[in-house]
Amino acid sequence: MRLTFGAGINELNDIAIDPTEAIAGYNFELGLGNNKLKPRSPFDLLGTTPNASQITGIHQLIERNGTKSTIIMAGTSAYKWDGASFTSLGTANANSEYHSFDWDLDQTILITDRNQVDVIREWDGTTLSNLTHGITGVTSFYAKYGIVSNGRAVLANVKTDTTTNPHMIVFSAFENRQSFDTSARGGSGGFSTGDEAFYLLSPDMKPINGLTLFKNILICSTEDGQLFKLVGNDATNYQWVDFYSGSAAIGVNSMVNAGNDVYYMRQGGVIESLKSTDTFGDVGTDDISLPVRDTVKDSTGTRIVYDQTNRKIFFFLGSEVLVLFKDLLSTGKSPFSIYKADDLTLNPSAAAYIEYQTSTDKTVMWGDVQGRIFDMNGTGKGDAGQYAIETKRKLALQDVNYKSLIKGRVFYRRKGTCELSIDYEWGDERSLSGNVVPLKASSSDTGSYFGGGVYFGGNFYFGGAGASDGTPVSQGFSAVGKGTSVFVTLTVNTSEDFAIDYIEV
Amino acid sequence: MDYLGAVNRILINNFILKGDDDLVNTFNDNQHEATIRVAQNAITTELNNFVSAFHVDYEKTTGTLTTVVGQRTYSLPTDFVRFFGDSPYLYLPDETYRVYEYQGGENRLRQQDYTYLTTEGRESYWYWDSTITKKIALYNVPDAVYTYSFEYERDVSVSNSTDILPFHTESEAQAFADMASRRFKFMVEELNVSTLEQDADYTFNRSTLMNLMRYREPNKRYGKRYL
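How each quantity is defined
- Residues numbered from 1 in each chain as written.
- Chains lettered and ligands numbered in written order.
- Predicted model: local features only at pLDDT ≥ 70, side-chain atom pairs only at ≥ 80, totals over all residues.
- Heavy atoms only, no water.
- Domains from an automatic or database assignment.
- Contact = heavy atoms within 4.5 Å.
- Buried area = accessible area lost by both parts, 1.4 Å probe.
- Salt bridge = Lys/Arg side-chain N within 4 Å of Asp/Glu carboxyl O.
- Polar contact = N/O pair within 3.5 Å; in protein donor to acceptor, adjacent residues only side chain to side chain.
- Nonpolar A, V, L, I, M, F, W, Y, C, P; charged D, E, K, R; others polar.
- Helix = DSSP H or I, 4+ residues; strand = E, 2+ residues; numbered from the N terminus.
- Expected span 1.5 Å × (residues − 1).
- Buried < 20%, exposed > 50% of the residue type's maximum accessible area, 1.4 Å probe, protein only.
- Phe/Tyr/Trp six-rings, centres within 6.5 Å; stacked < 30°, edge-to-face > 60°.
- Lys NZ or Arg CZ within 6 Å of the ring centre and 35° of its normal.

**Looking at the domain arrangement of chain B**
Residues and elements named next belong to chain B.
- What the domain assignment lists for chain B is domain 1 (3–56 + 157–213) and domain 2 (58–154).
- With 10 residues of domain 1 at the interface, the matching set in domain 2 holds 6 residues.
- Carbon and sulfur atoms supply 50% of the area that domain 1 and domain 2 bury against each other, a total of about 580 Å² over both sides.
- Joining domain 1 to domain 2, the criterion identifies 0 salt bridges.
- Inspection of the domain 1/domain 2 interface yields 4 residue pairs in polar contact (both at pLDDT 80 or more).
- Its residues placed into classes, the side of domain 1 that touches domain 2 shows 7 nonpolar, 3 polar and no charged.

Structure (structure tokens):
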């Protein structure tokens with residue numbers, strides 16, 4: 001029997017699942033065509049804000065000339081961060097939850113606050129200022145959500161001074177981010193060119209809790225309501241129509257555009273996909289979270305970030321991150337893993353998919369309550385360069401037919417020195433036992449070749465140069481215990497990289 | 001070769017240790033725990049069988065017994081298996097006196113001398129004293145102190161990883177471990193162990209061991225001579 005690890009967690013049952021799936025586990029990586037047991041990338045600690053306060057927003061502006069600036073909101077301060085040092089840009093509200101979107105026309109980013117305690121901000125690469133909004137008689141303008149659509153800045157769930165309009169969506173004037181109007185209803189008369197600013201209300205009058213683009217169509221979700229799509233082409237005829245009445249997102253951050261699809265979490269922690277039918281308007285969303293029902297069932301909302309580079313969608317669920325590997329969606333097997341980092345006290349308070357400061361490569365960076373900024377796709381040894389990563393994978397029940405002795409071999413690649421723990425829960429006897437299998441490091445030896453000072457003989461032989469990085473090797477093991485069946489759990493707790501090809505039993 | 005070395009040889013012979021596997025350096029090794037346990041048993045089973053059927057030089061040793069006035073029974077050494085040779089006896093180091101076994105043992109003696117339990121005098125015979133440990137008794141019951149010597153075959157079983165297998169040479173120990181390797185294979189693979197004696201490799205290694213242990217050249221003849 002050959003055990004491989006190509007699929008993710010399947011909590012539906014612990015027997016009749018695909019043998020490449022796991023019934024539990026965390027911190028293992030998946031990928032299309034990959035059957036190995038590999039650890040997730042370390043969470044590199046990139047920096048800590050000077051005030052070491054909760055990070056409430058991570059934003060980035062990339063100007064047309066390539067100039068890059070990253071803004072970090074932490075506690076009561078806003079900083080410009082160059083990847084090494086922080087420069088104060090003024091104040092922030094410690095109770096905010098900032099998000100941003102690009103307004104590329106004027107090379108700025110607009111920053112909204114999910115908690116509506118701070119006004120809409122704007123960063124132009126030099127100055128962090130309050131957005132000029134142009135609404136008559138309004139001083140402070142707040143919005144929970146923002147996005148650019150059809151040449152307009154779109155803000156949803158807004159507040160003007162002390163007046164809350166959670167069901168309102170305002171559209172800026174065409175190609176003018178600084179002109180809004182909360183008195184001109186879209187689709188009504190009184191517009192001259194159709195380029196004017198206007199507003200719309202959610203058709204069910206419920207608070208808006210999600211705003212995203214799907215196939216270049218603006219989609220909004222209402223709280224305990226449904227999904228709507230925007231139709232029309234200017235201020236005179238824009239209107240919301242039903243998109244999918246079956247459900248809507250929960251929480252305030254539970255929608256994400258993931259390239260060719262939109263994913264959102266609805267009541268009960270169910271993660272749904274909008275791309276389930278080619279018949280637009282007749283969408284029957286699929287519950288893609290079935291395999292991880294136990295993990296998400298109590299979730300009341302989540303922060304979702306799409307890592308386009310690695311085609312992963314991160315669902316931040318408090319002290320753990322549910323990871324959806326998009327490439328595996330088409331396989332029919334579970335595409336989910338879970339990331340944990342107990343030593344870091346994982347508790348992200350902000351996250352964004354942005355570029356590294358030193359390259360144009362993108363990654364997901366997240367900040368936590370201690371002002372720390374982490375790279376989700378790090379390259380160091382262990383989390384924050386010091387903490388071991390525990391990778392665990394519990395396999396479905398294995399039928400062993402009372403074999404008196406189970407022995408096998410672990411086929412792996414020489415990388416770093418670590419130990420694989422194989423733990424058994426035997427059926428019938430209900431006993432526990434385990435093996436610890438050492439995984440050896442690659443050799444630093446360089447290969448000797450026939451020629452020069454090296455000849456065929458003496459200390460030098462072909463193939464005697466040791467196991468270089470990635471060399472396939474194997475280690476044996478034999479289990480104490482017996483029973484009709486056994487649960488097998490594999491654990492590697494290390495800061496080293498490792499790769500287990502398969503286990504032959 | 002010690003006990004641990006034999007276990008390693010068995011695991012290598014059966015391709016349990018290969019590839020990146022290191023030699024086992026303790027019986028508490030967790031990685032190969034199950035196969036180590038079976039290999040240990042294969043060795044002890046083979047060793048018990050071997051020394052029960054053949055005399056191994058490693059077994060022979062000398063013990064002493066000091067008489068006590070009025071004491072009839074005496075414990076033998078804890079590693080005592082049996083007396084060495086035929087007609088075993090106790091002897092004084094200056095070879096002036098020997099005490100042989102009473103023919104017929106206690107069962108006959110108690111018919112011959114009703115007072116054998118208490119009659120004191122110079123001990124003339126020894127006999128087995130049947131009790132929960134290996135003991136002998138003297139007849140007559142000693143009336144003076146003497147220190148006797150005797151040759152016996154000691155227990156050569158192995159239990160600690162550093163215990164040496166009871167063979168003179170490394171070749172002998174290797175041949176023995178190779179025998180045990182076959183028994184290990186039968187145990188692990190749940191083969192019919194009753195056919196072990198017909199296993200060619202097992203009998204080959206057994207005859208190799210016997211030939212190595214002989215004090216003279218084996219008979220020269222075509223082919224192998226299986227004992």
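So much for the structure itself; the text now carries on.
**Digging into helix α2 (residues 33–53) of chain B**
- Under the 1.5 Å per step criterion, the end-to-end length of α2(B) is 31 Å for 21 residues, consistent within 8% with the ideal 30 Å.
- Among the residues of α2(B), those classed as buried are B:A34, B:T35, B:I36, B:V38, B:A39, B:Q40, B:A42, B:I43, B:E46, B:L47, B:F50 and B:V51.
- The elements touched by buried residues of α2(B) are β33 (406–413) and β36 (472–479) of chain A together with α1 (3–13), β3 (80–83), α4 (170–188) and α5 (200–213) of chain B.

**Looking at the interface of chain A and chain B**
- With 20 residues of chain A at the contact, the number on the chain B side is 17 residues.
- In total, chain A and chain B occlude about 1,400 Å² of area from one another, counting both sides; carbon and sulfur atoms represent 45% of this.
- Per-residue buried area on chain A facing chain B is highest for A:L405, A:R409 and A:V480; these three make up 32% of the total on that side.
- One can count 3 salt bridges joining chain A with chain B.
- As a salt-bridge pair, A:K440 and B:D22 come within 2.7 Å of each other at their nearest N and O atoms.
- Taken together, chain A and chain B are joined by 20 residue pairs in polar contact (both at pLDDT 80 or more).
- For the side of chain A that touches chain B, the secondary-structure elements that each account for two or more residues are β33, β35 (432–439) and β36 of chain A.

**A short note on the packing of aromatic side chains**
- Within this structure, the stated rule accounts for 33 aromatic pairs over all chains.
- With a centroid separation of 6.3 Å and an interplanar angle of 75°, the aromatic rings of B:Y102 and B:Y139 are classed as edge-to-face. Pair noted here: B:Y102 is in the loop between β5 (98–101) and α3 (105–112) and B:Y139 is in strand β7 (residues 135–139), with a separation of 37 residues, a long-range link.
- Classification of B:Y102 by relative accessible area gives buried; the value is 11%.
- Feature note: the residues A:F43, A:F314, A:F316, A:Y339, A:W366 and A:F374 constitute an aromatic cluster, connected by ring pairs.
- Sitting over the face of the ring of A:F487, A:K394 holds its NZ or CZ atom 4.9 Å from the ring centroid.

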